[in-house]
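Here is how the chains run, residue by residue.
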Amino acid sequence: VEDPIVAEDLLIGHVRLGYTTENLSERFRQSISLLLASSIMFGTLLAVGTITLFQFQISNPLAELGRFASQLASGDFSQRAIVKSDNEIGQLQTTMNYMAKQLEETLDELNMLSNVASRTKNAVIICDPKGYIEWINEAFIDITGYTLDEVKGKTPGSILQGPESDPEIVAFMRECIRSGKGFT
């Protein structure tokens, strides 16, 4: 492009502007290449950041929770999960800690009751929900002479009742066994 330079109707020179399209095309290709490279780098950084965030926020806490659940499943109720956040995983960890505490307390109580039932001088019979004997203590063996192998799977009445048994006491004991209540 060429334009004259005129001042007060006097031509004082010319201005020439020139730019080849070949040069323009090369600069355009460089700009596109730079934009593409920048986009790829930004996308890669975004992907790495997302994966890292996922690893620390979700994957690692879930793996830790899985190890904790395995410890509970193996019967170790003394362990507790370390709660690091207030999100859903943290809430799950808190709930599992509560469950572990309840299981530990229940197991302690069960052990205590088991010791009482085993060591008392009174005969103790434990039946399943249908009323069949599952366990007896040593005092039962001493009082009746029956062993666990002889009474297991039988009803208490089939072993302990005879022709001279009081029908009211038999009915009372039967009702207690049916309703899951103990009796002395």
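Residues numbered from 1 in each chain as written. Predicted model: local features only at pLDDT ≥ 70, side-chain atom pairs only at ≥ 80, totals over all residues. Heavy atoms only, no water.

## Examining the overall build of the chain
Threshold: Secondary structure elements are defined from DSSP: runs of H or I of at least 4 residues count as helices, runs of E of at least 2 residues count as strands, and each element is numbered from the N terminus. As a reference, a globule follows 2.2 Å times the number of residues to the power 0.38, and the radius of gyration itself is taken over C-alpha atoms. Under the scheme applied here, a residue whose accessible area is under 20% of the maximum for its type counts as buried, over 50% as exposed, and between as partly exposed, the area being computed with a 1.4 Å probe on protein chains only. In this analysis, two residues are considered to be in contact whenever any of their non-hydrogen atoms come within 4.5 Å of each other. In this count, Lys and Arg are taken as positive residues and Asp and Glu as negative ones, while His and the chain termini are left out. For the purpose of locating charges, the reference atoms are NZ of Lys, CZ of Arg, CG of Asp and CD of Glu.
Scanning the chain for helices and strands turns up 6 helices and 4 strands. At 43 Å, the chain has a C-alpha radius of gyration far larger than the 16 Å of a compact globule built from 184 residues. Projected onto its principal axes, the C-alpha positions of the chain cover 145 × 30 × 30 Å. Considering the chain as a whole, with its 184 residues, one finds that 14% of them fall into the buried category. Counting only contacts in the chain whose residues sit at least 6 apart along the sequence, the fraction spanning at least 24 positions is 22%. Averaging the locations of the 15 positively and 24 negatively charged side chains of the chain gives two centres separated by 6 Å.

## Quick word on the side chain of Gln93
By the secondary structure assignment, Gln93 is in helix H2 (residues 88-119). Ignoring any residue separated from it by four or fewer positions in sequence, one finds Gln93 in contact with Pro61, Glu64, Leu65, Ala81, Ile82, Val83 and Lys84.

## Describing the confidence of the model for the chain
Interpretation of the predicted coordinates at a detailed level should be avoided for regions scoring low in pLDDT. Cut-off, in case you're wondering: The predictor reports its confidence for every residue as pLDDT, a score running from 0 up to 100.
The predicted model of the chain has a mean per-residue pLDDT of 89, with 98% of residues at 70 or higher. At the low end of the mean pLDDT range in the chain sits helix H6 (residues 167-179), at 85; at the high end sits helix H4 (residues 148-151), at 97.

## Details of the environment of Val48
Along the chain, the position of Val48 falls in helix H1 (residues 21-73). Considering only alpha carbons, one finds Val48 and Pro61, 13 residues apart in sequence, at a separation of 19 Å.

## Here's the deal with the pattern of salt bridges
This is how it is decided: Every case where a carboxyl oxygen of Asp or Glu lies within 4 Å of a side-chain nitrogen of Lys or Arg is listed as a salt bridge.
Scanning the entire structure with this criterion turns up 5 salt bridges. Close ionic contact of Arg16 with Glu2 constitutes a salt bridge, the shortest N to O distance being 2.9 Å. Taken together, the residues Arg16 in strand S2 (residues 10-16) and Glu2 in strand S1 (residues 2-7) connect sequence positions 14 residues apart. Judged by its relative accessible area of 66%, Arg16 is exposed.

## What about the environment of Asp3?
Turning to its location among the elements, Asp3 is positioned in strand S1. Of the residues examined, Asp3 reaches a relative accessible area of 46% and is grouped as partly exposed. Sequence-wise, Asp3 and Ile136 are 133 residues apart; in three dimensions their C-alpha atoms are separated by 118 Å. Apart from the residues within four sequence positions on either side, Asp3 is in contact with Gly13, His14 and Val15.

## Let's talk about the pairing of S1
Heads up, the condition is: Here, strands pair whenever DSSP counts at least two bridges between them.
Looking at chain direction, S1 and S2 are connected through 6 bridges and run antiparallel. When the bridges of S2 are listed, Val6 appears paired with Leu11. Following S1, the chain reverses through 2 residues before pairing antiparallel with S2; Glu8 in that reversal takes a positive phi of roughly 50°.

## Focus: the nonpolar core
How we decide: The nonpolar core is taken to be a set of buried Ala, Val, Leu, Ile, Met, Phe, Trp, Tyr and Cys residues, with the residues joined through side-chain atoms within 4.5 Å.
Leu65, Phe68, Leu72, Phe77, Ala81, Met96 and Ala100 form the largest nonpolar core, which has 7 residues in total. If we ignore the near neighbours within four places in the chain, the residues touching Ala81 are Phe68, Gln93 and Asn97. If you look at the next biggest cluster of nonpolar residues, it comprises 5 residues, including Ile133, Ile136, Val151 and Ile159.

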